[in-house]
Amino acid sequence: MTLSLVPELAAADAQMLRSHLLSEASRCLHEAEGALRHRYVTPTAAVSAGADDDAAVSQRSTVGHYLQMYDWDACFFSQVASKLKVADGAFALLPMEIVSNFLGFQQADGHLPRTISPHRIWDSGDVCKPFLCQTLLSTGHAQVEEPVLESLDKYLSYFYDTRRDHSGLYRWRNVLESGVDNNLALLAPIEAAKDENFDHKIFPDGQLLACDLSAYLFAEFSSFAEIARTSGSQELAFIYDQRAREVQDAIETHLWNPALSLYCNLDPRNGELVAVRCWTGMAPVFSGAASAERSSEVIEQNLLSEEHFLRPAGVVSVAASERLYNPARRGLYGRVLVSNWQGPVWVLINGLAVRCLARLGYGDAAANISLRMVNTLINDLKVSGTLHENYHGETGAALFAPAFVSWNIMALEMLDLLAARR
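Residues numbered from 1 in each chain as written. Predicted model: local features only at pLDDT ≥ 70, side-chain atom pairs only at ≥ 80, totals over all residues. Heavy atoms only, no water.

Novice: Report on helix H5 (residues 146–162), specifying residues and quantitative values.
Specialist: End to end, H5 covers 24 Å across 17 residues, agreeing with the expected 24 Å (1.5 Å per residue, within 8%). For H5, the complete set of buried residues consists of Val 148, Leu 149, Ser 151, Leu 152, Tyr 155, Leu 156, Ser 157, Tyr 158 and Phe 159. (Helix = DSSP H or I, 4+ residues; strand = E, 2+ residues; numbered from the N terminus. Expected span 1.5 Å × (residues − 1). Buried < 20%, exposed > 50% of the residue type's maximum accessible area, 1.4 Å probe, protein only.)

Novice: Explain the pattern of salt bridges residue by residue, including any values.
Specialist: For the structure shown, the criterion picks out 20 salt bridges. For Glu 246, the salt bridge is made with Arg 164, and the minimal N-O distance between the two is 2.7 Å. Here Glu 246, found in helix H8 (residues 234–254), pairs with Arg 164, found in the loop between H5 and helix H6 (189–192); they are 82 residues apart in sequence, far enough to count as distant. The partly exposed category is assigned to Glu 246, whose relative accessible area is 26%. Overall, Arg 164 belongs to the partly exposed group, its relative accessible area being 28%. Glu 306 is the partner of Arg 372 in a salt bridge, and the nearest nitrogen-oxygen pair spans 2.8 Å. You can see Arg 372 sitting in helix H12 (residues 363–384) and its partner Glu 306 sitting in the loop between helix H10 (292–303) and strand S10 (310–311), a full 66 residues away along the chain. In this structure Arg 372 comes out as buried when scored by relative accessible area, which is 4%. (Salt bridge = Lys/Arg side-chain N within 4 Å of Asp/Glu carboxyl O.)

Novice: Break down unusual backbone geometry for me, citing the residues and quoting the values.
Specialist: Of note, Ala 46 is a non-glycine position whose phi angle comes to about 55°, a positive value. Along the chain, the position of Ala 46 falls in the loop between strand S2 (40–41) and strand S3 (69–70). Judged by relative accessible area, Ala 46 falls into the partly exposed class, the value being 47%. Despite not being glycine, Asp 123 has its phi angle at roughly 55°, a positive value. Within the element layout of this structure, Asp 123 appears in strand S5 (residues 120–127). For Asp 123, a relative accessible area of 17% puts it in the buried group.

Novice: Go over the environment of Leu 310 with me, naming the residues and quoting the values.
Specialist: Within the secondary structure layout, Leu 310 lies in strand S10. Distance from Leu 310 to Gln 143, taken between C-alpha atoms, is 39 Å for residues 167 residues apart in sequence. Those residues in contact with Leu 310 that lie beyond four places of it in its chain are Leu 3, Leu 303, Leu 304, Ser 305, Val 315, Asn 368, Ile 369 and Arg 372. (Contact = heavy atoms within 4.5 Å.)

Novice: Please provide a residue-by-residue account of the sheet that holds S5, values included.
Specialist: Spatial ordering of the open sheet is given by S3-S4-S5, a layout of three strands whose pairing is antiparallel. Here the strands that pair on one side only, and so sit at the sheet edges, are S3 and S5. Here four bridges tie strand S4 (residues 113–117) to S5, and the two strands are oriented antiparallel to one another. What sits directly across from Thr 115, in S5, is Trp 122. (Pairing = 2+ DSSP bridges.)

Novice: Describe the packing of aromatic side chains, with residues and values.
Specialist: One pass over the structure, following the stated rule, counts 21 aromatic pairs. Between Trp 341 and Trp 407, the aromatic rings sit 6.3 Å apart at their centres with planes inclined by 65°, giving edge-to-face as the arrangement. Residue Trp 341 is located in the loop between strand S11 (314–315) and helix H11 (347–359), and its partner Trp 407 is located in the loop between strand S13 (398–400) and helix H13 (411–420); the two are separated by 66 residues in the primary sequence. Accessibility assignment for this pair places Trp 341 and Trp 407 in one class, buried. (Phe/Tyr/Trp six-rings, centres within 6.5 Å; stacked < 30°, edge-to-face > 60°.)

Novice: Would you mind going over the side chain of Arg 171 in detail, with residue names and values included?
Specialist: Topologically, Arg 171 is positioned in the loop between H5 and H6. Polar side-chain contacts of Arg 171 include one of 2.8 Å to the backbone oxygen of Gly 206. When neighbours within four sequence positions are excluded, Arg 171 is seen to be in contact with Arg 163, Arg 164, Asp 165, Gly 206, Gln 207, Leu 208, Leu 209, Leu 213 and Pro 268. (Polar contact = N/O pair within 3.5 Å; in protein donor to acceptor, adjacent residues only side chain to side chain.)

Novice: Would you mind going over the packing of H5 against helix H7 (residues 211–230) in detail, with residue names and values included?
Specialist: Two packed helices can be described by the angle between their axes and the distance between those axes. At a minimum axis separation of 11 Å, H5 and H7 run at an interaxial angle of 155°. In terms of axis orientation, H5 runs roughly antiparallel to H7. Crossing angle aside, the handedness with which H5 passes H7 is left-handed. Facing Leu 149, Leu 152, Asp 153, Tyr 155, Leu 156 and Phe 159 of H5, the residues of H7 in contact are Leu 213, Leu 217, Glu 220, Phe 221, Phe 224, Ile 227 and Ala 228. Its residues assigned to classes, the contact of H5 with H7 comprises 11 nonpolar, no polar and two charged. (Axes fitted to C-alpha atoms, helices over the stretch in contact; angles between N-to-C directions. Parallel < 35°, antiparallel > 145°, perpendicular 65-115°, else oblique. Left-handed = near helix turned anticlockwise from the far one by under 90°. Nonpolar A, V, L, I, M, F, W, Y, C, P; charged D, E, K, R; others polar.)

Novice: Give me the lowdown on the nonpolar core, citing residues and values where you can.
Specialist: Grouped together as the largest cluster of nonpolar side chains are 148 residues, with contacts concentrated most on Leu 17, Trp 72, Phe 77, Leu 152, Trp 279, Leu 303 and Trp 407. A total of 11 residues in this core trace back to one element, the largest contributor, which is H7. (Core = buried A, V, L, I, M, F, W, Y, C linked by side-chain atoms within 4.5 Å.)

Novice: Explain helix H1 (residues 11–26) to me, and be specific about the residues and the numbers.
Specialist: Here H1 is 16 residues long and its end C-alpha atoms lie 23 Å apart, about the 22 Å a rise of 1.5 Å per residue gives. When H1 is considered as a whole, its buried residues turn out to be Asp 13, Ala 14, Leu 17, His 20, Leu 21, Glu 24 and Ala 25. When H1 is viewed along its axis, its buried side chains cluster within an angular range of 130° and face the same direction. The outward face of H1, more than 90 degrees from its buried face, is lined by the exposed residues Ala 11 and Ala 12. (Arc of directions from axis to C-beta.)

Novice: Please provide a residue-by-residue account of the environment of Leu 184, values included.
Specialist: Here Leu 184 shows up in the loop between H5 and H6. Leu 184 sits in the buried class, given a relative accessible area of 2%. Sequence separation between Leu 184 and Val 318 is 134 residues, and the spatial gap between their C-alpha atoms is 8.1 Å.

Below, the structure written as structure tokens:
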């Protein structure tokens, strides 16, 4: 496959982006306060954390300022930040502090909330997405104390006990809990388009078996098994190795769509796959759950296809070939002007794609995507002086949430990859 050329990265521009991310990372870090007994991070830099805890509507829904700590935002931020070579070592212990803060809110059944703040739990009922163990393992915190091991076991058992289908696949509580707030693969596309046929394929909350959650849990179960082994519990390691294999087999057995060369969510009511080209269909490849043959097929027929996911500004969240592809600021579903996952470019998706491509030997493609993404961020810095949460897939224009850092810090990994190839 031949990918279109991308402008080379000027050294001064690369340094500008790197310096901005290093500076802003420190402005996302907050000291322990209230119910958060350890240091924590907010996705938005230089904010008063929890300032809207008493408000009926959070600032994230009005101006795009995120004043709380969010599950995967914090995990991906700490994965990168903990490796930063800063003089005072400020981020070295951050992954364990992040995990400890979430575990501090654990309920008797193992449930952890996904959005926590010094004085309030937000998004009540939603569970913390399964990235805690992956974050600990990837940052060198493979050995944990017995109370932490027990709490992580309870947390993952919550998914196993309450979200697992008899097929071995898993379901979200609702589309908001998934973090991909208006994911067309979890919604009925015709409903999202406000078609006159409102009864066609409506998917109630918690109905679909989700390829992204199932893939995340494969990686999380595998990571916890390694943590358990390192921490001296061979019994737990055996249990979670088995759980990882079970969900991996279920993904391969039930979620592969040969017509799209992609994994898709499953409607258990009729056994039909939801045939929407959404980035979450690549999650089994990103997580390592997919077979080598299918990984190559997804990458070559979808991820690196300029007809589908690879657009001028980077990898988009819904394929450009989809009828409802919408790379603009507002989504096609939702009551307020918030994050849109129905087309825009997000650094998270590109960061996961680059990690995956580098791991599987697609070095040139990893560099190509990295160039698209970092050029988009650099252009934003030059125009606005800050970074945003997402970008127009065709033009690269910033869309929403200024001063957003969060997983945008994954661009540092892309800069390192590009520098190593010079």
